Amino acid sequence: MERTLILFKPDCVQRRLVGRILSRFEDKGLNVVAMKLMHITPDLAKQHYAEHVQKGWYPTLEAFITGGPVVAAVLEGLEVIRVVREMLGATSGLKAAAGTIRGDFSSSRQMNLVHASDGPEAAAREIGLYFKKEEIVEHTLTITPWLRAGDEA
Ligand code: CDP
Ligand code: MG
């Protein structure tokens, strides 16, 4: 079982799309094991986007991601890191395929609504940036036997 860190970015919160997009993850059968509303500080933004800090467009990204509250969450499921990245679609909403979250809701390269970890190392690092161990709520939903066969996990 894998876990991934997702952020409903400030554009998502401001546009009141958190509920609709969270529903897609719930509909897919993914399990929410942590969730909170918070502000991202400039310091946290630099840690989160360490790979992009040197880029010319980083200052505008930092202004965007710190510009309003986000909802941070940890999703759990089989192959969840890849599954969620595919549900998001390409980075730019202008390039993301129709049917993906960014393709359906975003017309921007920056304001693309949701972040998701891009691999196992990033997921572990990012979950640690946003959540303490005790904030992750381990549980198994009773519907689990109706989401996949017992030998799939
Ligand atoms: O989020 P994703 O991994 O798909 O894209 P990224 O290339 O790792 O970039 C991180 C985030 O920076 C994107 O999700 C955009 O919000 C933002 N970005 C930007 O503001 N300007 C760019 N030219 C590229 C990305
Ligand atoms: Mg990325």
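Here the structure is shown first, and the text comes after it.
As the structure is a prediction and not an experimental result, all values here were calculated from the model.

A.B. asks: Mind showing me how you'd approach helix α4 (residues 58-65) here?
C.D. replies: What sets the pattern is the α-helix's 3.6 residues per turn: residues three or four places apart point alike. For α4, the complete set of buried residues consists of Y58, L61, E62, F64 and I65. Within α4, the buried residues cover an arc of 160° as seen down the axis, which keeps them to one side. Tucked inside the fold, the buried residues of α4 contact α1 (10-14), α3 (42-48) and β3 (70-77).

A.B. asks: When you look at the environment of L129 in this model, what are you seeing that I'm missing?
C.D. replies: Mapped onto the elements, L129 comes out in helix α7 (residues 120-130). The exposure class of L129 is partly exposed, given its relative accessible area of 24%. In this structure the C-alpha to C-alpha distance between L129 and Q47, which are 82 residues apart in sequence, comes to 8.1 Å. Excluding residues within four positions of it along the chain, L129 makes contact with L44, Q47 and H48.

A.B. asks: Whenever I open this one, the site of ligand 1 confuses me. Can you help?
C.D. replies: Close to ligand 1 lie K9, Y49, H52, W57, L61, R85, T91, R102, R109, Q110 and N112. A distance of 3.0 Å separates an oxygen atom of ligand 1 from a polar atom in the side chain of R85. Within the contact set of ligand 1, an oxygen atom lies 3.0 Å away from a side-chain nitrogen or oxygen of R102. Within the complex, the protein chains bury 86% of what would otherwise be the 510 Å² of accessible surface of ligand 1.

A.B. asks: Hey, could you run me through the pattern of salt bridges in this one?
C.D. replies: Evaluated as defined, the whole model comprises seven salt bridges. The partner of D104 in a salt bridge is R24, and the shortest N-O contact between them spans 2.8 Å. Of this pair, D104 sits in helix α6 (residues 101-105) while R24 sits in helix α2 (residues 18-28), and the two are 80 residues apart along the sequence. For R24, a relative accessible area of 24% translates into the label partly exposed.

A.B. asks: Would you explain the environment of R148 in this entry?
C.D. replies: Mapped onto the fold, R148 is located in the segment after α7. Accessibility expressed as a relative area gives 23% for R148, which makes it partly exposed. Contact partners of R148, with chain neighbours within four places excluded, come to M1, L78 and A153.

A.B. asks: Hey, could you run me through the pairing of β3 in this one?
C.D. replies: Each regular strand carries side chains that alternate between the two faces of the sheet. Across the eight residues of β3, eight count as buried, placing the element largely inside the fold. Side chains V70, A72, V74 and E76 of β3 all project onto a buried face; the interleaved residues V71, A73, L75 and G77 project onto the opposite face, where all are buried too. Strand direction decides the pairing type here: strand β1 (residues 2-8) and β3, joined by seven bridges, are antiparallel. Bridge pairing in β3 links I6 to A73.

Each value, and the rule that gives it
- Residues numbered from 1 in each chain as written.
- Chains lettered and ligands numbered in written order.
- Predicted model: local features only at pLDDT ≥ 70, side-chain atom pairs only at ≥ 80, totals over all residues.
- Heavy atoms only, no water.
- Buried < 20%, exposed > 50% of the residue type's maximum accessible area, 1.4 Å probe, protein only.
- Helix = DSSP H or I, 4+ residues; strand = E, 2+ residues; numbered from the N terminus.
- Arc of directions from axis to C-beta.
- Contact = heavy atoms within 4.5 Å.
- Near = heavy atom within 4 Å.
- Polar contact = N/O pair within 3.5 Å; in protein donor to acceptor, adjacent residues only side chain to side chain.
- Areas by Shrake-Rupley, 256 points an atom, 1.4 Å probe, with all protein chains shown as cover.
- Salt bridge = Lys/Arg side-chain N within 4 Å of Asp/Glu carboxyl O.
- Pairing = 2+ DSSP bridges.

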